[in-house]
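The chain contents come next:
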Number of protein chains: 2
Amino acid sequence: MDERKRVEVCFTPDEYAYYKDEFEIVVVIDVLRATSAMCAAFENGIKAIIPVPTVEEAMEYKQKGYLAGAERKGQIVEGFDFGNSPFSYMNPDFVGKEVVLSTTNGTRSLDVAKDAEIVVVGSLLNVDALSEWLLKQDKNVLCLCSGWQGKFNLEDTICAGAISDFLLSSGKFTANEDSSIAAKYLFQSASKNYLGFLKSSSHRRRLKNLNLNEDIKYCLTPNQTEVIPVLKDGKLVKLEA
Amino acid sequence: MDERKRVEVCFTPDEYAYYKDEFEIVVVIDVLRATSAMCAAFENGIKAIIPVPTVEEAMEYKQKGYLAGAERKGQIVEGFDFGNSPFSYMNPDFVGKEVVLSTTNGTRSLDVAKDAEIVVVGSLLNVDALSEWLLKQDKNVLCLCSGWQGKFNLEDTICAGAISDFLLSSGKFTANEDSSIAAKYLFQSASKNYLGFLKSSSHRRRLKNLNLNEDIKYCLTPNQTEVIPVLKDGKLVKLEA
């Protein structure tokens, strides 16, 4: 009998239903930009992030006095002061605070995965630290990509491929799904040059139109932090080693 | 303005809703094995295939005297004489006949795509003939992969990548979706050795357990026919040039 744990990749939140309940750990990934912003936020001393699926919920929190952000289609929603740019969270005002956030894709994945035993946040920014932590847990791992408006996206898949490639190389994990094999191949093709590989990506083109090149360069630069955000009672907090 | 037509890849029938109505031509792909069997059937002189989504419908046709087949989880359903093995359709009894077929994944994709202007059937068996025909149509093309029980699969994606790679190389087509870019990369990685690339594929392992190695070798050998099955009034017939 195969004693290895599984590491698999799910391309979109819609497909999560097919994977649910088989994995103790779900890694939620939205490289451009929600989960990158979350990693940056904890690196910069935020206390907690309350992810909410709708703009309305984010506004209710704001009216109660919370720092609250919302992003849709890559832009800050009217009535909010920030969205999912990682640079927003480098503001000293956020240190030690609880912040509410609703984003197009990333908070939706957190919402579908919330009943898993352990939900952590991954991005290229914390990819090595997260992968090493996952290796130590001895649990089945699902990398849940957020995609783009329901569809597959490349940058989340490549990040998921990086995590699964690391775990598979250890010999302690195995992958059964074709999506996991594809993610590993795409990561291996991309690993030498993320920006070059993603140049033709639809999402990157969309963000370029929004003048977000600085955000993209930041989000695609691996290993800028060792923080691992983890979901506890509906809030993201920093995992304590 | 970009005058090029689009060629995109949709990984699963569930995701078709996100692509619907933007494409005049939908190419339905289920390499292992439904659409390969359909191509083999027309190459061998069948008159028409009536694809039905449920086993019950296939049984109703059988009771009316039709030749009817059904496959679920890779095996022939009890009470039927054939499923989706291409070799079943090389039977001289099928020449000139209308045959009813229900399969796990392939007939479901045909069902979700049926309202598109033109629905054709693709597999590696007819990939070059189909690609050349598509190039001449000057219409937007969606390659709809059937996947495996709702999930992404490699062999359909590689076939879709082969078609889109051909159309993109002509300079007359463009691709905007990340799924299309990924399919092209995976095809380029696989193109020298389909069997080797798919060795680690979950689907291939599943079929190996069912002793279907001959079917797999056949289905993964490109360009064994020039027939293009097309959906007309709910039946698949051979496209006349």
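Details of the structure are given in the entry above.
The structure contained in this document is the topic of the report that follows. Since the model is a prediction, treat every value here as computed from it, not as a measurement. (Residues numbered from 1 in each chain as written. Chains lettered and ligands numbered in written order. Predicted model: local features only at pLDDT ≥ 70, side-chain atom pairs only at ≥ 80, totals over all residues.)

Looking now at the relation of the copies chain B and chain A. Superposition of chain B onto chain A requires a rotation of 180° combined with a translation of 0.0 Å along the rotation axis, giving an RMSD of 0.0 Å. Considering both components of the superposition, the chain copies are consistent with a two-fold axis. Measuring from the rotation axis to each C-alpha of chain B, the shortest distance belongs to L186 of chain B, at 3.7 Å. Interface overlap between copies: 100% of the residues of chain B at the interface are likewise at the interface in chain A, consistent with a symmetric, same-surface contact. (Least-squares fit on C-alpha atoms with pLDDT ≥ 70 in both. Contact = placed C-beta atoms within 7 Å.)

What follows is about the interface of chain B and chain A. On the side of chain A, 23 residues touch chain B, which itself brings 23 residues to the contact. Of all the elements in the fold, those that place two or more residues in the side of chain B that touches chain A are α5 (154-169), α6 (178-190) and α8 (202-209) of chain B. By residue number, the principal contributor to the side of chain B that touches chain A is α6 of chain B, which donates seven residues. Class assignment for the residues of the side of chain B that touches chain A results in eight nonpolar, ten polar and five charged. (Helix = DSSP H or I, 4+ residues; strand = E, 2+ residues; numbered from the N terminus. Nonpolar A, V, L, I, M, F, W, Y, C, P; charged D, E, K, R; others polar.)

All names here are of chain A. The side-chain alternation of strand β3 (residues 48-51) yields one buried face, formed by I49 and P51, and one unburied face, formed by A48 and I50. Pairing of β3 with strand β6 (residues 98-102), which is carried by four bridges, proceeds in the parallel orientation. Counted as the bridge partner of A48 is E98 from β6. (Buried ≥ 20, exposed ≤ 12 C-beta atoms within 10 Å, placed from the backbone. Pairing = 2+ DSSP bridges.)

We now examine the environment of E15 of chain A. Tracing the backbone shows E15 of chain A in the loop between β1 (5-10) and β2 (25-29). The residues contacting E15 of chain A, other than those within four sequence positions of it, are C10 of chain A together with K151 of chain B.

Residues and elements named next belong to chain B. Position of L236 among the secondary structure elements: in strand β11 (residues 235-238). L236 gets classed as buried once you count the C-beta atoms within 10 Å, which come to 26. Separated by 227 residues in the primary sequence, L236 and V9 place their C-alpha atoms 22 Å from one another. Look past the residues within four positions of L236 in its chain and what remains in contact with it is M38, A48, I49, P51, V121, P229, V230 and L231.

Since the α-helix packs 3.6 residues into each turn, any two residues three or four apart lie on the same face. Residues and elements named next belong to chain A. Along helix α4 (residues 127-137), the positions that sit buried rather than exposed are V127, L130, S131 and L134. One side of α4 holds all its buried residues, which, seen down the axis, span an arc of 100°. In this structure, the buried side of α4 is in contact with β2, β7 (118-122), β8 (141-145) and α5 (154-169). Residue D138 follows α4 closely and has a positive phi angle near 55°. (Arc of directions from axis to C-beta.)

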